[in-house]
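Residue-level listing of the chains:
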Amino acid sequence: MDSRGAGRCEIDVSDRLIVALDFSRSGEARSFVDTLGSSVGFYKIGLELFMAGGYFELLEWLVARGKKVFVDLKFFDVPETVKGAVRGLRNRGVTFATVHGNQAILEAAGKEKGDVKILAVTALTSLDRGDLDDLGFQCDIERLVLSRARRALEAGCDGIISSGLEAPMIRYELGGKILVVTPGIRPVDNTSIDDQKRTVDVAQAFVNGADYIVVGRPIRNAPDPKKAAISIQNTISTFWTRQ
Ligand code: C5P
């Protein structure tokens, strides 16, 4: 199903690529941002950088350069603690933050979000059917992701993180009401390359219903990261200007 359509076209085309800054040192992340220059305007900063120290200084550095920031710390705790954590992200120029968990946790985040858009984690793109069996989830992945997406919306969240494989069903069921952010982007079948198992390529992610894609290693590990980012931006721009 091609899910381009009403409600999904209001995002700047160049913002649809979010580059994951998965580095163990803040300085490496900064020089990577400098390398990519104007080819990328939206960055995700996650757990690895959080543990590196200087997380909020990096956030401010990115915001000062006009970059959008996605805080991917996947908050998962009792609702009061999640409330406090989300409150701490307000008025800092943060665009997205991720939250994990049940209805009460999502509601806590939805209530405190202020100017931050909350994305609920559905099922990690590094998990496949066997991994979900291990975790005790009997239902199929699509059903699990859809139920989490519905609950996230009810709880006042703005969107979800979903693999490109489940995105078509989310769009079909929920239309343009929900933001869909898709990691696990790979140029080819990925079974033997790294930990991502439920992957799609750049164009397919948008055909399937993504609003944004998150890309880490395919850009970071490319021989010329800036060239790789520009090539992805060109694919995105071709997709969104064709309609
Ligand atoms: O390197 P790669 O392109 O796999 O990076 C994907 C990024 O998206 C990582 O930073 C990872 O933490 C994040 N992510 C994910 N799956 C989710 C949520 C976030 O891969 N469900």
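A. Focus on the nonpolar core. Within the largest apolar cluster, 65 residues are counted, with the highest numbers of intra-cluster contacts made by L21 and I213. Ranked by residue count, the leading element in this core is helix α7 (residues 141-154), at 6 residues. In terms of nonpolar packing, the next biggest core, distinct from the first, is built from 12 residues, F42, F96, I161 and L179 among them.

B. Structural context of the site of the ligand. Taken together, 16 residues lie around the ligand, and D22, K44, R186, Q196 and R217 are the ones closest in. In the model, an oxygen atom of the ligand is placed 2.7 Å from a nitrogen or oxygen of the R186 side chain. Note that an oxygen atom of the ligand is positioned 2.7 Å from one of the side-chain N or O atoms of R217. For the ligand, the protein covers 88% of the area, taking 470 Å² as the surface of the free molecule. Breaking the shell around the ligand down by element, the ones donating at least two residues are β3 (68-75), β8 (212-215) and α10 (217-220). Residues of the shell around the ligand, tallied by class, amount to 7 nonpolar, 3 polar and 6 charged.

C. Spotlight on the packing of aromatic side chains. Taken as a whole and judged by the stated rule, the model has 10 aromatic pairs. With centroids separated by 5.5 Å and ring planes inclined at 25°, the aromatic side chains of F42 and F96 adopt a geometry described as stacked. With a gap of 54 residues between them, F42 in strand β2 (residues 42-46) and F96 in strand β4 (residues 94-99) connect regions that are remote in the sequence. Overall, the relative accessible area of 1% leaves F96 in the buried class. Judged by centre distance (5.8 Å) and plane angle (85°), the ring pair of F42 and Y212 falls under edge-to-face.

D. Just the pattern of salt bridges, in detail. Scanning the model with the defined rule gives 11 salt bridges in all. One salt bridge in this structure joins E112 and R87, with 2.8 Å as the shortest N-O distance. With a gap of 25 residues between them, E112 in helix α5 (residues 103-112) and R87 in helix α4 (residues 79-87) connect regions that are remote in the sequence. With a relative accessible area of 42%, R87 lands in the partly exposed category. One salt bridge in this structure joins K113 and D158, with 3.1 Å as the shortest N-O distance. With K113 in the loop between α5 and β5 (117-121) and D158 in the loop between α7 and β6 (159-161), this pair connects stretches of sequence that are 45 residues apart. You'll find K113 and D158 in the same group, each marked buried. Connected through salt bridges with shared partners, the residues K44, D72 and K74 form a single ionic network.

The rules behind each value
Residues numbered from 1 in each chain as written. Predicted model: local features only at pLDDT ≥ 70, side-chain atom pairs only at ≥ 80, totals over all residues. Heavy atoms only, no water. Core = buried A, V, L, I, M, F, W, Y, C linked by side-chain atoms within 4.5 Å. Buried < 20%, exposed > 50% of the residue type's maximum accessible area, 1.4 Å probe, protein only. Helix = DSSP H or I, 4+ residues; strand = E, 2+ residues; numbered from the N terminus. Near = heavy atom within 4 Å. Polar contact = N/O pair within 3.5 Å; in protein donor to acceptor, adjacent residues only side chain to side chain. Areas by Shrake-Rupley, 256 points an atom, 1.4 Å probe, with all protein chains shown as cover. Nonpolar A, V, L, I, M, F, W, Y, C, P; charged D, E, K, R; others polar. Phe/Tyr/Trp six-rings, centres within 6.5 Å; stacked < 30°, edge-to-face > 60°. Salt bridge = Lys/Arg side-chain N within 4 Å of Asp/Glu carboxyl O.

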